[in-house]
Amino acid sequence: MPLRLEKRAEPSKAMLYLTPVAAVLLTALVGTIVFSLIGYNGLVAVREIFLTPLTNPLKWQDLAVKSAPLIIIAVGLAVCYRANVWNIGAEGQYVLGGIAGTGVALLTRDMSGPWILPLMIAAGMAGGMAWAFIPALLRTRLKVNEILTSLMLTYVAIQLLNYLVLGPWKDPMGFGFPQTRMFTADQMLPRVVPGTIIHLGAPIAIVVALVMWFLMSRSVFGYQVKVVGSAPYAARYGGFSVNRTIWMVLLTSGALAGLAGVLEAAGQFGRLVPSFPTNYGFTAIIVAFLGRLHPIGIVFAGLALSIVVVGGEVAQTTTGLPPAAVGIFQAMMLFFLLASDVLVRYRVRWRSPVTAEAAA
Amino acid sequence: MPHRLELTGITKRFPGVLANDNVSFTVEPGEIHALLGENGAGKSTLVKMIYGIMQPDAGEIRWNGELVTVPNPKAARRLGIGMVFQHFSLFEALTVLENIALGMDAKIPARELESRIREVMQTYGLLLDPHRTVATLSVGERQRIEIVRALLLNPKLLIMDEPTSVLTPQEVEQLFTVLRQLASEGCSILYISHKLHEIKALCDTATILRGGRLVDTCDPKVETSRSMAEKMIGAGLKDIVRGEGRSFGEAKLVVSRLSTVGDGHFDVPVNDVSFTVRAGEIFGIAGVAGNGQNALLDALSGEIHGEDREAITIDGLGVGLMNTTERRRRGLCAVPEERNGHAAVGEFTLSDNSVLTARDRLGMVMMGLINSGAARTYTGRVIADFAVKALGPGSTAGSLSGGNLQKYIMGREILQKPSVLVVSQPTWGVDAGAAAAIHQALVDLAAAGSAIVVISQDLDELLALCDTLAVINMGRLSEARPVGDFSVEEIGLLMGGVHGQGEVRDAVTA
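These figures come from a predicted structure and were not determined experimentally.

S.K.: Got a minute to help me understand the overall build of chain A in this structure?
M.R.: For chain A, the count of helices and strands is 16 helices and two strands. For 360 residues, the compact-globule formula gives about 21 Å, and the C-alpha radius of gyration of chain A, at 23 Å, lands near that figure. Within the span of chain A, comprising 360 residues, buried residues form 49% of the whole. Of all intrachain contacts in chain A linking residues separated by at least 6 positions in sequence, the fraction that spans at least 24 positions is 78%.

S.K.: Sorry if this is basic, but what is going on with the interface of chain A and chain B here?
M.R.: With 23 residues of chain A at the contact, the number on the chain B side is 31 residues. Among the elements of the structure, helix H9 (220-230), helix H10 (232-238) and helix H16 (355-359) of chain A are those that each provide at least two residues to the side of chain A that touches chain B. Each residue belonging to the side of chain A that touches chain B can be placed in one class, and the counts come to 13 nonpolar, five polar and five charged.

S.K.: What is the right way to read the sheet that holds strand S14 (residues 312-314) of chain B from this model?
M.R.: Note on sheets: strands pair through backbone hydrogen bonds, and any given pair is parallel or antiparallel. Residue and element names in this part refer to chain B. With antiparallel pairing, the four strands of this open sheet are ordered in space as S12-S11-S14-S15. Two strands bound the open sheet, and with one partner strand each, they are strand S12 (273-278) and strand S15 (317-318). The pairing of S14 with S15 spans two bridges and is antiparallel. The residue bridging Thr 313 from the neighbouring strand is Gly 318, located in S15.

S.K.: How should the environment of A:Pro232 be read in this particular structure?
M.R.: Looking at where A:Pro232 falls in the secondary structure, it is placed in helix H10. For A:Pro232, a count of 17 C-beta atoms within 10 Å corresponds to the partly exposed category.

S.K.: Please clarify how the confidence of the model for chain B should be interpreted in this entry.
M.R.: The predicted structure's coordinates, where accompanied by low pLDDT, should not be read in detail. Confidence in the prediction for chain B averages 86 pLDDT; 93% of positions are at 70 or higher. In the model of chain B, helix H17 (residues 501-509) of chain B stands out as the element of lowest mean pLDDT, 47, in contrast to strand S20 (residues 451-455) of chain B, which has the highest, 96.

S.K.: I keep staring at the pairing of strand S13 (residues 282-286) of chain B and nothing clicks. Help me out?
M.R.: Side-chain direction in a regular strand flips from residue to residue, so the side chains alternate between the two faces of the sheet. All names here are of chain B. Within S13, five of the five residues are buried, leaving the element largely enclosed by the surrounding structure. Because side chains alternate across S13, one face comprises the buried residues Ile 282, Gly 284 and Ala 286, and the other comprises Phe 283 and Ile 285, equally buried. Where S13 meets strand S21 (residues 468-473), four bridges bridge the pair, whose relative direction is parallel. Bridged to Ala 286 within S21 is Val 471.

S.K.: Would you take a moment to explain the sheet that holds strand S3 (residues 32-37) of chain B for this structure?
M.R.: Residue and element names in this part refer to chain B. Read from one edge to the other, the open sheet built from six strands follows the order S6-S7-S8-S3-S9-S10, with strand pairing classed as mixed. In this open sheet, the two edge strands, each paired with only one partner strand, are strand S6 (81-84) and strand S10 (213-218). Going across the sheet, the axis of each strand differs from the next one's by a mean of 20 degrees, ignoring polarity. Both S3 and strand S8 (residues 188-193) contribute to a ladder of five bridges, which runs parallel. The partner of Ala 34 across the bridge, within S8, is Tyr 191.

S.K.: Explain the pairing of S21(B) here, please?
M.R.: Residue and element names in this part refer to chain B. With respect to burial, S21 is a largely interior element, six of its six residues being buried. With burial as the criterion, each face of S21 is covered, one bearing Thr 468, Ala 470 and Ile 472 and the other bearing Leu 469, Val 471 and Asn 473. In terms of strand pairing, S21 meets strand S22 (residues 476-477) through two bridges, oriented antiparallel. The residue of S22 that forms the bridge with Ile 472 is Leu 477. In this antiparallel pair of consecutive strands, S21 and S22, the connection spans two residues, and Met 474 shows a positive phi of 50 degrees.

S.K.: Sorry, what's going on with the nonpolar core here?
M.R.: Soluble, globular proteins show a tendency: their nonpolar side chains are buried together. One finds A:Ile73, A:Ala74 and A:Ala288 to be the most contacted residues of the largest nonpolar core, which totals 252 residues. No other element matches helix H4 (residues 60-82) of chain A, which puts 15 residues into this core. Mapping this core onto the domain boundaries places at least three of its residues in each of domain 1 (5-233) and domain 2 (251-509) of chain B. Excluding residues within four positions of it along the chain, A:Ala288 makes contact with A:Ala74, A:Leu77, A:Ala78, A:Tyr81, A:Leu293 and A:Ile298.

S.K.: What should I look at first to understand the domain arrangement of chain B in this one?
M.R.: The figure often quoted for interface size is the accessible area lost as the parts come together. All names here are of chain B. Taken domain by domain, chain B holds domain 1 (5-233) and domain 2 (251-509). The C-alpha centroid of domain 2 is placed 31 Å from the C-alpha centroid of domain 1. Listed per partner, the contact involves 16 residues of domain 1 and 18 residues of domain 2. Counting residues per element, the ones that place at least two in the side of domain 1 that touches domain 2 are helix H6 (169-184) and helix H8 (225-233). The element that contributes the greatest number of residues to the side of domain 1 that touches domain 2 is H8, accounting for three residues. Along the lines of polarity and charge, the residues of the side of domain 1 that touches domain 2 split into seven nonpolar, seven polar and two charged.

S.K.: What is the right way to read the confidence of the model for chain A from this model?
M.R.: When pLDDT is averaged across chain A, the result is 90; 97% of the residues are at 70 or more. Throughout residues 353-360 of chain A the model reports pLDDT below 50, and contacts reaching past four residues in sequence, or to other chains, amount to 15 contacts.

S.K.: For this particular structure, what's the right way to read helix H4 (residues 110-124) of chain B?
M.R.: Helical periodicity: at 3.6 residues per turn, an α-helix aligns residues three or four positions apart in one direction. Here H4(B) spans 21 Å end to end across 15 residues, near enough to the 21 Å set by a 1.5 Å rise per residue. Where H4(B) terminates, the next one or two residues include B:Gly125, which has phi positive at roughly 65 degrees.

S.K.: Got a minute to help me understand the packing of helix H8 (residues 201-218) of chain A against helix H13 (residues 295-319) of chain A in this structure?
M.R.: A pair of packed helices is characterised by two quantities: the angle between their axes and the separation of those axes. Residues and elements named next belong to chain A. In contact at an axis separation of 8 Å, H8 and H13 are set at 150 degrees when each is read in the N-to-C sense. Classified by the angle between their axes, H8 and H13 sit roughly antiparallel to one another. For the pair H8 and H13, contact is made by Ile 206, Ala 209, Met 212, Trp 213 and Met 216 and by Pro 295, Ile 296, Ile 298 and Val 299, respectively. When its residues are assigned to classes, the contact of H8 with H13 shows nine nonpolar, no polar and no charged.

S.K.: Sorry, what's going on with helix H11 (residues 242-269) of chain A here?
M.R.: All names here are of chain A. With 28 residues, H11 ought to run about 40 Å at 1.5 Å a step, and its terminal C-alpha atoms sit 39 Å apart, in line with that. Within H11, 21 of the 28 residues are buried, which leaves it mostly tucked inside the rest of the structure. Remark: Gly 270 follows H11 within two positions and exhibits a positive phi of approximately 75 degrees.

The rules behind each value
Residues numbered from 1 in each chain as written. Chains lettered and ligands numbered in written order. Predicted model: local features only at pLDDT ≥ 70, side-chain atom pairs only at ≥ 80, totals over all residues. Helix = DSSP H or I, 4+ residues; strand = E, 2+ residues; numbered from the N terminus. Rg over C-alpha atoms; globule rule 2.2 N^0.38 Å. Buried ≥ 20, exposed ≤ 12 C-beta atoms within 10 Å, placed from the backbone. Contact = placed C-beta atoms within 7 Å. Nonpolar A, V, L, I, M, F, W, Y, C, P; charged D, E, K, R; others polar. Pairing = 2+ DSSP bridges. pLDDT = per-residue confidence, 0-100. Axes fitted to C-alpha atoms, helices over the stretch in contact; angles between N-to-C directions. Core = buried A, V, L, I, M, F, W, Y, C linked by C-beta atoms within 7 Å. Domains from an automatic or database assignment. Expected span 1.5 Å × (residues − 1). Parallel < 35°, antiparallel > 145°, perpendicular 65-115°, else oblique.

Structure representation (structure tokens):
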């Protein structure tokens, strides 16, 4: 092996920021090659996916609308992952957020007032928290792995959603369609840019990221999360309870996923439908890692992933790329990011010939 | 006759450090050769290159007169170089025989291996039942497995990395007998240590490294411990200065009938331990590793939750039920044995590591927010007062050498001026100069009226530092006595598990 890895004295800051960019570029490059090889116009497909959403102003509102839930969920997941708690079930918590918000909307459909929307949002966050409560309880009381429980609860959440829209919550005036009543005007998120579909969710996402950035970098809460994640024994020594931290991070990420859910229901859908789960909860896992588990990094990563989502839809219509292609691009991005992560702690060196070897 | 091993101009560079700079020395057949130096002097790097774990950037290694390259440890073993590491690589759940079989390069039938193991054990008096599970063995016995494993290959050079740091005095003597026998049969021994009196007792030659360079090759039998230590640190050695005729004040830390519950693994719990430490007193707890020291430290610091409030009292106040944060507020600080991941977080900056234990005592938290300026100022003070080699408070803890990290951790706790300080292995892996500084800081803290508990496996350290001494064995603490009232033999027997005063006295006189 002419190449070898050498441990750096300190983790490289430059690589910390460069590797996510490199991961996106590598994804584009390998995507071009792979889709060309299987018979698509790879270059056009990649251009449509990565550039069209940026160059076409008509797509910008889509980016804002799609990146907001990704950012909100990923910021919460990042807190969890920092503590080495692996919440994979944000999709389920997101669905519960939508369900709880819709529940309030159905109860208040004959009422009016500016208090309804905040109540819906609070209910949504509580719903997401309730769904995260279960893995937290199982983990702290019975040491059940939260990866499994949170993931499996996602499917329970989706079944619950289907049951509600097909059964008790079905719109009686909906011609038998599996959907709830439309929300009233007081139950919908206001648009923030007139003439577009950009609703209040986008600025909320930015605020959530900023608040969490502040908390993670300056507060004892953020410190506790980081200590528990990197060195549980040091956390115990420093007086931080690991179990209490697990509770805090799971409930925080559940609340944020629930928030994303209710914002999506009240901003985009306007009602609950079976197609409400759109994989935001899973895509946000990639966003969290691409953003280096840093709230501000996550804002950019959320934009990058929504570009792929929006661009993927464009590419489907223009080059006939299959819908699964978007998933492939997202997966490649995470793969390349994790693979290039080694460069943060190590540097690549050409192996210098050993003097004694040459002499021998 | 050619030299057994000859190193010429060995140089090894790491990013930012020259670990070995043009080091040359020779080891003769049958010679016991000491490799002496402070932490970070380059001893480990040097032997790692001899054993093939690393490759030199420049320089030559000659083995029995022939120029060789040692690409990996397997090649080293094939040449006849064996090594016993400071930290053993043994599977606790397996037997001695299984552990040795796993470490062999060649596959040997179990029966044949067993007879060869018994033969080696017989020859060198390394008594051990090959069918015992490693978990049931003492540290000294575990080391014997590693030595037997190395001897099975009939080495011509045996490298021993700090072999005595975990042994009782009696075990050390047994080890020396084995090493002397090996040397008399022609096997060379490269003996890494910083315990100077051992080197004087055992070694024929000593090579002293400082800052990666060879500073001297001398005969340890002619040198004094002090002269070798001064060559090692390149400066005069300071003695511990303590006030004459010190008297102790009120009882500050009282531990009565403290017991913990083992967590099921191979962890030894504390069993019915009682002792009292007065203001100004340094109380030493000796013992071989793995006899409940960790459980005792965790129980005192509050990391293990207690069940009896009065089992631990500080200034008369029962703190047995409090967690670590509350105990720190009452003035009890602690330093656990393991630095990385327990006493400090490697990925965090030193400044953030100060927040870990000093945040409440030094007001680094206001309304749930961390005052990073205060943390940085305090960390800067620790770095300056304890001569920590670090770029600054922003360096990550993981980038510091073990000794420097230990200085930082000790400084972080001592400068908080705790009224009770409990430390485990305060100078483990720290060089002589830094150890002296840490000892002095502990003595000064005691002189200022704090009660100090030092848990250590280094008997020399305890004898030099402590006023009062007790020995822990299998989780039970012996009676405490003034240091002067113990003989080394007595302590050794208590460490080995002979309980009760009468028995010890009898055993010593017998």
